[in-house]
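Each chain, letter by letter, is given below.
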Amino acid sequence: MCGIALIVSGIHFDPACSAPETQPLLLSLDDLKEALRRRGPHSLGSKRLLLHSNSSNLINKQEIVTSIEEEVTIDTENSYSAKEIFSSSFQNGENPVEDKTFGIHSFVGELLFLGATLQLRGVSPIVQPLVDKFGNILVYNGEIFGGIPVGCDENDAEILSQYLARCCFGSSHGDNCSCCCSGNEEDSVPDVLSRIKGPWAIVYWQNSSRTLWFGRDAFGRRSLLVHWPTEKDPRFLLSSVAPTLVEHSSAADLQFENGVNQQKYWEELTCGIYSVKIDASILNGCLIGDIRSHEWNNSMVKKLIHWERTHVEPTAEELYLSQGFGKASPSVPAETVLTALRESVLRRTCHKFFQSTACNFRERFSPVAVLFSGGLDSMIIAAILDQCIDPRFDIDLLNVSFDGPSAPDRISARAGKKELRRIAPSRRWRLVEIDADLSNLSSETKHVMSLIHPANTYMDLNIGIALWLAASGDGWVCEERDNENDEDLQLHNYRSNARIVLVGSGADEQCAGYGRHKTKYKHGSWLGLDEEMRLDMQRIWKRNLGRDDRCIADHGKEARFPFLDEDVIKVLLDIPLWEIADLEQPSGTGDKKILREVARLLGLHEASALPKRAIQFGSRIARESNRKNFGSNRAANQASAGSVVIHMP
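In this report, the structure presented in the accompanying data block is examined. Since the model is a prediction, treat every value here as computed from it, not as a measurement. Position labels on residues start from 1 in each chain and follow its written sequence. The model is predicted, so local features are restricted to residues of pLDDT at least 70 and side-chain atom pairs to those at 80 or more, both for listing and for counting; the totals for chains, interfaces and linings are taken over all residues. Where side-chain values are given, they derive from all heavy atoms of the structure, hydrogens and water being excluded.

Along the backbone of the chain there are 19 helices and 29 strands. With a 1.4 Å probe rolled over the protein chains alone, any residue whose accessible area is under 20% of its type maximum counts as buried; one over 50% counts as exposed, and the rest are partly exposed. Residue burial in the chain is summarised as follows: out of 649 residues, 57% are buried. Contact criterion: two residues are considered in contact whenever any of their non-hydrogen atoms come within 4.5 Å of each other. Across the chain, the fraction of contacts at a sequence separation of at least 24, relative to all contacts at a separation of at least 6, is 74%. Computed with the Shrake-Rupley method and a 1.4 Å probe, the accessible areas treat only the protein chains shown as cover for residues. A total of about 26900 Å² of accessible surface is found on the chain, and carbon and sulfur atoms cover 49% of it. In DSSP terms, a helix is any run of H or I states spanning at least four residues, a strand is any run of E spanning at least two, and both are numbered starting from the N terminus.

See below:
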């Protein structure tokens, strides 16, 4: 997990990419660095790229956080004299920058790359941005779980940098290749990125073609926010997270009204691969950025994005057989799903953990934790994790409650731990009980509002606070005893040191776990259900994953999503819909039917019958939030039908 950012100034983008005008915000570089550093506590680095257009060349001046500077010359086909640039920069309202290389003023475009690293792989420490011998610059926030080979002792960002360096620059921006390739190059940057299996967000400067690449994976499993240039703020910005925003107004309070932030500065970058080829303009001599989006060059990725299932409507005989298998014993499809999930968890936990701090622990170590409600999804993940990691490792189960031991998720978590101990008695399971009182979280709430931005509803805020607190891992644990009666056990304070947190996101969307799925089924039968599930998967990047990534990563933890593994998604899509769910059955039986069968295969018979509960309800934060802000749940429901304003003191 990393925090990455890019600030581009002095480059005029194609007007088609300009955003609606918003009030300029005071963006502090120090605040941005601090927000990134919370995501990547191991190191923080920067590279400053200065682009000068002149009669002979394009100068690349790089600055590292250690104040070491280096200069590299880049040839450009389309260049102008410094005198012409100086003149046009005044005409366009730009501040000219003195170019000491030529002894005169010239127009300068600036790209500032920032990278904060939480290193989880490799044996040697790295500092981002990564700069290779060709002058290419990479900041990468992601994991490579397949598609590109990465050795157990290797760091995937370094491997990706090597693959990108071999890309043919002649075809980098969708142009026909005219360079003198050796024949060993990849076709293009999109070819390499389309091969990656796993979550990622990237910013990459391809030196040879003067092209800036950026994007995020097809499902948006890693956050990347964008500020498109406007007339009042012509900068182009990318960042994993929005720092605390300070508006140019007398009102310092953050306000959300009618579910829409009144000053929307950032937006979630739509999943995909983008490039900006930087060149000099024939008309005014300024640096121009020509932005384009690129297709995925991978047939499997394209299929998963479209999310089209072959078998949607069953015949009467198929439905009868499916219901018969579901009642008697786990089906063959369930065994296939279990195999895919086991491989998914293994890919996310089997690599050698970077030993920056783990080697110093004398106590038992927990490298991987599970965001744990004791419900169906988290129980499946925990049970499979036990099969995948070394027996000497403890497993931390992170559970948050806003109603102490009375919250539904706390009750199911304690029961879930007991069931896990029954199926895996040799494993040390550590249930971390994280208790919170919403009335005492004023400053924390403000902080989480910044993290969830641009998400802006009470539901987003409630989920964000619950995730943020759970990911902290700061709570209480019971002493481990042979007996299963926890009532008389003493609690002691504990903070989880796990840097990887497994999360069950994607299970409900793919297996019909939401109440609206049952509603759609009743009104539109199987076709209506299939369409609603497709819609959920195609918007999960915007509604869930970016927000969740930012809240969890703020503690220097990395969220990993076993249910959103490419192979798991493919397996679930290949299974007939009536094997996935049977919404004629009651809650806790027909919804997520396939996962309930998987749970039984794992010996989790109690968990297999649990109903769906969202974190905001299971933890009771929604109830406490409604009481605090509206006086009651009923008042909150009435207010949600009209205008809702969130005022932060």
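Structure shown, so let's carry the discussion forward.
Closest axis-to-axis distance for the helix H7 (residues 332-349)/helix H8 (residues 376-388) pair is 9 Å, and the angle between their directions is 65°. Pair H7 / H8 crosses with right-handed handedness. Within the contact between the two elements, H7 uses Leu 338, Leu 341, Arg 342, Val 345, Leu 346 and Thr 349 and H8 uses Ile 380, Ile 384, Leu 385, Gln 387 and Cys 388. Each axis is a line fitted through C-alpha atoms, and for a helix only the stretch in contact is used; angles between axes span 0 to 180 degrees, taken between their N-to-C directions. A crossing counts as left-handed when the near helix is turned anticlockwise from the far one by less than a right angle, and as right-handed when that turn is clockwise.

With that settled, the discussion passes to helix H1 (residues 29-39). Among all positions in H1, only Leu 32, Ala 35, Leu 36 and Arg 39 are buried. In a view along the axis of H1, the buried residues occupy a sector of 95°, so they form one face of it. Here a polar contact is recorded for every N or O atom pair within 3.5 Å, except that within protein the pair must consist of a potential hydrogen donor and a potential acceptor, and residues adjacent in sequence are included only if both atoms are side-chain atoms. Where H1 begins, the side chain of Ser 28 points an oxygen toward the backbone nitrogen of Asp 30, at a separation of 3.3 Å. It is the directions from the helix axis to the C-beta atoms whose arc is reported.

Bringing the packing of aromatic side chains into the picture now. Two measures describe an aromatic ring pair: the distance that separates the ring centres and the angle between the ring planes. Between 30 and 60 degrees the pair is tilted, below 30 it is stacked and above 60 it is edge-to-face, where a pair is any two Phe, Tyr or Trp rings, Trp via its six-membered ring, whose centres lie within 6.5 Å. What the rule picks out here adds up to seven aromatic pairs. Ring plane angle 35° and centroid distance 4.9 Å describe the contact between Phe 13 and Phe 236, whose orientation is recorded as tilted. You can see Phe 13 sitting in strand E2 (residues 12-13) and its partner Phe 236 sitting in strand E15 (residues 236-239), a full 223 residues away along the chain. In terms of burial, Phe 13 and Phe 236 fall into one category: buried. Among the aromatic side chains, those forming a connected cluster through ring pairs are Phe 13, Phe 214, Trp 228, Phe 236 and Tyr 274. The criterion is that NZ of a Lys, or CZ of an Arg, lies within 6 Å of the ring centre and within 35 degrees of the ring normal, and then a charge sits over that ring. Stacked on the ring of Tyr 163, the Lys or Arg Arg 166 has its end atom at 4.5 Å from the ring centre. Against the face of Tyr 514 rests Arg 516, its NZ or CZ located 4.3 Å from the ring centre.

It is worth stressing that arrangement in space is one thing and function is another; only the former is reported here.
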